[in-house]
Every structure is written in structure tokens, then in C-alpha cells.
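What follows is the residue order along each chain.
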Amino acid sequence: MSKLIGYITESFEELKSNVTWLKWEEVQSYTIIVALFSIIFSLAIWGIDEVLSNALGAFLGWLKS
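Residues numbered from 1 in each chain as written. Predicted model: local features only at pLDDT ≥ 70, side-chain atom pairs only at ≥ 80, totals over all residues. Heavy atoms only, no water.

Enquirer: Teacher, can you tell me more about the pattern of salt bridges here?
Expert: Between side chains of opposite charge, a pair can form when the charged atoms approach closely. Under the counting rule described, the total for this entry stands at one salt bridge. In this structure, the salt-bridge partner of glutamate 13 is lysine 16, at a minimum N-O distance of 3.4 Å. Taken together, the residues glutamate 13 and lysine 16, both in helix α1 (residues 2-17) and three residues apart, mark about one turn of the helix. Take lysine 16: its relative accessible area is 64%, and that puts it in the exposed class. (Salt bridge = Lys/Arg side-chain N within 4 Å of Asp/Glu carboxyl O. Helix = DSSP H or I, 4+ residues; strand = E, 2+ residues; numbered from the N terminus. Buried < 20%, exposed > 50% of the residue type's maximum accessible area, 1.4 Å probe, protein only.)

Here it is as C-alpha cells:
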């Protein structure tokens, strides 16, 4: 148990002293960029899915005829 407590203590010390943290303004701007990219990417995937679904439906309808 003492090894676990030592590991956690050393990890927090590492985070406090050796990690370079971004400024809050940078974190906010990066978060907005990631959110916008995620929305755009999901809309693109949705659009491709719709096009391929319609194309496959048309092809299968053509095969039935």
C-alpha cells in the first residue's frame, strides 16, 4: 500500500513541477477549435453516409426490377 501512495504522491509532484500547462485562454480557444472540427467532421460523415445509403438503395431497387 505504501508503494501505491508513493506512486500517487510522486505523480502529483511531477504534474506540479515538470509539466508545462497551457494558459486558460489557450485551452478555451483549442477547445472551441476541437468542438467545431468535431461538428464539421460529424456532418461530413453523416453526409457521406446519406449519399452511400441512397446509392445503395437505388442500386438494390434497380436489381429488384
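Anyway, onward from the coordinates.
Enquirer: What exactly am I supposed to notice about the environment of glycine 61 here?
Expert: Summarising the element assignment, glycine 61 is placed in helix α2 (residues 24-64). Classification of glycine 61 as partly exposed rests on a relative accessible area of 34%. Glycine 61 sits 26 residues away from alanine 35 along the chain, and the two C-alpha atoms are 39 Å apart.

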